[in-house]
Amino acid sequence: MLTGRAAGLGVLLGVVTALVALGVAQIAAAIIASQDGAPVTAVGELSIDHAPPAVKNFAIREFGSADKTALVWGIRGVLIIFAAVIGVLAIRRLWQGMTGLAVFIAIGIYAAESQPTSTAKDAFPTAVGGLAAALFLWKAGALARAGAGLRAPGAPAPAPGGRPPAGAAEAGSAADSGADSGAPREPWRQWQPGGDRPAAREPAGSARARPRPAVDTDPSRRRFLYVSAGAAGAGLVAYGGGTLLGENRDVTAAQQTLRLPRAVSPAPPLPSGYDLKIPGLSPFITPNSSFYRVDTAIALPEVLPSSWHLRIHGMVDRELVLTFDELIRRPLIEDYITLCCVSNPVAGPYIGNAKWLGASLRSVLRQAGIKAGADQLLCTSADGFTSGTPVQTAMDGRDALLAVAMNGTALPVAHGFPVRLVIPGLYGYVSACKWITDIEVTTYAASVSFWAQRGWSAQAPVKTESRIDVPALGATVKSGHRTAIAGVAWAQHKGIEAVEVRIGKGPWQQAQLAAVPDLDTWRQWVYYWDADVPPGNYLIQARATDKTGYTQTSVQQPPEPNGASGYPSNLITVS
Ligand SMILES: Nc1nc2c(c(=O)[nH]1)N[C@H]1C(S)=C(S)[C@@H](COP(=O)(O)O)O[C@H]1N2
Ligand SMILES: [Mo]
């Protein structure tokens with residue numbers, strides 16, 4: 001049997017061998033862009049395919065959207081135990097460890113090739129990982145054995161089968177009995193697995209009979225520990241790096257290839273004259289590439305539709321877990337909705353308008369059944385960000401969407417791929433959770449969302465506002481020449497009724513309004529001005545009135561705590 005120290009070194013040898021295998025395989029999978037080749041993922045997919053529905057349901061119920069994470073950790077756990085056994089085998093007999101490793105590689109390759117999307121190249125990551133691991137097991141294994149005092153480096157390998165030569169037992173007994181004290185020690189006593197037996201049989205404290213190691217085991221052991229630490233570190237870095245690289249590639253590929261069903265309820269047709277097409281004026285639809293981005297993410301969350309889940313729980317009659325496929329099989333709604341950030345200063349850039357496609361949040365919540373007294377939906381993103389949406393705005397019939405597409409393409413990763421919330425009429429931090437994975441139906445009294453914890457209002461309806469796009473601040477216009485003063489105004493889900501413009505100390509004048517498809521978007525406006533004033537500097541101001549009859553306030557407020565207010569004003573020069 002092995003001594004405790006030898007077994008310990010064996011466990012370490014095995015675990016580090018596994019880290020080398022996984023690290024090399026993961027990097028290889030990322031480099032050759034193998035979707036199914038990373039061994040842990042492959043084994044995970046294989047076990048999901050073969051898990052009985054009851055087990056799957058149990059996993060989703062117990063772990064919710066973390067079920068995949070739980071599975072992957074489970075596989076890693078089993079793997080570590082398996083690896084420890086291989087290491088202990090290898091320290092006794094290298095060939096036994098190698099056999100264990102081969103089984104382990106075979107399972108990895110089988111799993112990598114078992115997916116419907118598998119190709120031949122998916123075997124490659126596990127194969128090179130396995131080779132690297134075999135090399136490590138061989139080289140570091142020799143050090144480990146020497147370190148355990150089982151064999152000096154360079155000593156002859158045991159005969160296959162490992163039985164000590166005939167007469168070994170007699171030799172041992174002879175040494176113990178002291179009958180043959182002058183005979184040289186047999187070299188195999190240093191390495192054969194039963195080498196500790198004589199020591200165990202000798203009387204305690206008998207220095208004379210203790211087999212003296214042929215070499216000092218400590219330097220070998222130390223070298224083995226250093227090599228193991230280095231290899232473990234490199235393996236972990238490679239594993240982490242390869243995983244990130246692979247996910248990034250997978251998410252980009254998934255985002256670009258995702259096909260989404262058509263809307264059952266398409267967006268209202270764009271009325272003629274919805275875009276005034278004035279140079280410098282914001283286009284009615286903001287292209288995805290220039291849509292503002294505001295979030296707390298340092299690295300963008302990489303969430304694959306295949307592993308995405310939305311869990312709805314808390315004050316509900318029945319907890320729900322939706323997969324991405326289940327979400328997009330619901331009747332999809334399409335709508336133009338203008339999104340804006342509470343941090344947008346008056347006339348600022350953090351606002352954009354897009355055509356969104358998504359499932360109705362209201363219908364999902366109805367299915368879960370909201371309990372009386374709940375007033376907040378605490379929405380959590382894959383990266384832990386939370387936003388607190390009022391239950392009332394989600395349920396009052398407006399297009400509150402679990403959005404999957406933006407302007408006709410799957411959501412860009414930066415804008416929440418694969419699923420985000422969009423609700424017209426509320427600032428983004430309480431209505432537009434990106435990478436959403438969890439909705440807890442709760443109360444404002446019971447839980448406080450990310451920005452609300454940092455001094456911003458718990459509830460934040462969008463303030464009716466306007467912005468002057470042209471002429472830009474500091475622009476010069478020619479006296480007596482017709483100039484377009486134009487911009488956008490917004491009061492989402494209320495609608496813009498009128499915009500007025502004032503030049504210097506002149507009267508408020510009605511601007512012309514562009515057509516809009518519905519109440520949820522901003523509205524372009526223009527006032528044609530002949531600049532029939534003497535040269536000089538003029539302050540141009542604008543103010544919007546929404547369809548409730550409310551005119552935006554002239555009172556200037558900073559963005560914190562619930563949105564900036566005041567008239568936009570551009571100082572221009574007439575020459
Ligand atoms: N996960 C997550 N979602 C988020 C945020 C965030 O930081 N993390 N920021 C919110 C804020 S403050 C705004 S204004 C909108 C911005 O959405 P956009 O980046 O797509 O324009 O996203 C909201 N959703
Ligand atoms: Mo925001």
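For clarity, every value in this text was computed on a predicted model and none was experimentally measured.

Engineer: Kindly report on the sheet that holds strand β5 (residues 376-381), identifying the contributing residues and their values.
Structural biologist: Taken in spatial order, the five strands line up as β2-β1-β10-β5-β6 in an open sheet, and their pairing is mixed. Looking along the sheet, the strands with just one partner apiece sit at the ends: β2 (320-323) and β6 (386-390). Geometrically, the sheet is characterised by an average inter-axis angle of 20° between neighbouring strands, direction not taken into account. Summarising the sheet, β5 and strand β10 (residues 436-442) pair through six bridges and their orientation is antiparallel. Residue pairing for β10: Ser381 is matched across the bridge by Ile436. Its contacts with the sheet place helix α11 (residues 361-368) against β1 (309-314), β2, β5 and β10, and it is angled at close to 140° to β2.

Engineer: Residues and numbers for the side chain of Gln541, please.
Structural biologist: On the secondary structure map, Gln541 appears in strand β18 (residues 536-546). By relative accessible area, which is 14% here, Gln541 ends up buried. Those residues in contact with Gln541 that lie beyond four places of it in its chain are Ile468, Glu500, Val501, Arg502, Trp508, Tyr567, Pro568 and Ser569.

Engineer: Could you give me a rundown of the site of ligand 1, with the residues and numbers involved?
Structural biologist: Close to ligand 1 lie 19 residues, the nearest being Tyr292, Thr296, His415, Arg420 and Lys434. Separating a nitrogen atom of ligand 1 from a side-chain N or O atom of Ser381 is a distance of 3.1 Å. Alone, ligand 1 offers 530 Å² of accessible surface; in the complex the protein occludes 99% of this. In terms of residue class, the shell around ligand 1 is built from ten nonpolar, four polar and five charged.

Engineer: An account of the packing of aromatic side chains is requested, with residue identities and associated values reported.
Structural biologist: Counted by the stated rule, this structure contains eleven aromatic pairs. Ring centres of Phe82 and Phe104 lie 5.6 Å apart, and the angle between their planes is 65°; this geometry places the pair in the edge-to-face category. With Phe82 in helix α4 (residues 67-92) and Phe104 in helix α5 (residues 94-113), this residue pair connects regions lying 22 residues apart in the sequence. Its relative accessible area of 15% is what places Phe104 among the buried residues. Consider the rings of Phe450 and Trp451, whose centres lie 4.9 Å apart with planes at 85°: the pair is edge-to-face. Here the aromatic cluster, defined as three or more aromatic residues joined through ring pairs, consists of Phe291, Tyr292, Tyr350 and Trp356. A cation sits over an aromatic face here: Arg454 above Phe450, 3.7 Å from the ring centre.

Engineer: Tell me about the pairing of β1, and name the residues and values.
Structural biologist: In this sheet, β2 lies alongside β1 in antiparallel orientation, the contact comprising four bridges. Counterpart to His309 in the pairing with β2 is Thr323. If you look at the hairpin formed by β1 and β2, you'll find five residues sitting between the two strands. Note that β1 and β10 share four bridges and pair parallel. The residue of β10 that forms the bridge with Ile312 is Ile439.

Engineer: Outline the packing of α5 against helix α6 (residues 124-147), supporting the account with residue identities and numerical values.
Structural biologist: Packing of α5 against α6 brings their axes to within 10 Å, and their N-to-C directions diverge by 160°. Here α5 lies roughly antiparallel to α6, going by the angle between them. The element α5 and its partner α6 pack so that their crossing is right-handed. Side by side, α5 and α6 meet where Leu94, Gly97, Met98, Leu101, Ile105, Gly108 and Ile109 of the first sit next to Thr126, Ala127, Gly130, Ala133, Ala134, Leu137, Trp138 and Arg145 of the second. The residue makeup of the contact of α5 with α6, split by class, is ten nonpolar, four polar and one charged.

Reading the values: the criteria
- Residues numbered from 1 in each chain as written.
- Chains lettered and ligands numbered in written order.
- Predicted model: local features only at pLDDT ≥ 70, side-chain atom pairs only at ≥ 80, totals over all residues.
- Heavy atoms only, no water.
- Pairing = 2+ DSSP bridges.
- Helix = DSSP H or I, 4+ residues; strand = E, 2+ residues; numbered from the N terminus.
- Axes fitted to C-alpha atoms, helices over the stretch in contact; angles between N-to-C directions.
- Contact = heavy atoms within 4.5 Å.
- Buried < 20%, exposed > 50% of the residue type's maximum accessible area, 1.4 Å probe, protein only.
- Near = heavy atom within 4 Å.
- Polar contact = N/O pair within 3.5 Å; in protein donor to acceptor, adjacent residues only side chain to side chain.
- Areas by Shrake-Rupley, 256 points an atom, 1.4 Å probe, with all protein chains shown as cover.
- Nonpolar A, V, L, I, M, F, W, Y, C, P; charged D, E, K, R; others polar.
- Phe/Tyr/Trp six-rings, centres within 6.5 Å; stacked < 30°, edge-to-face > 60°.
- Lys NZ or Arg CZ within 6 Å of the ring centre and 35° of its normal.
- Parallel < 35°, antiparallel > 145°, perpendicular 65-115°, else oblique.
- Left-handed = near helix turned anticlockwise from the far one by under 90°.

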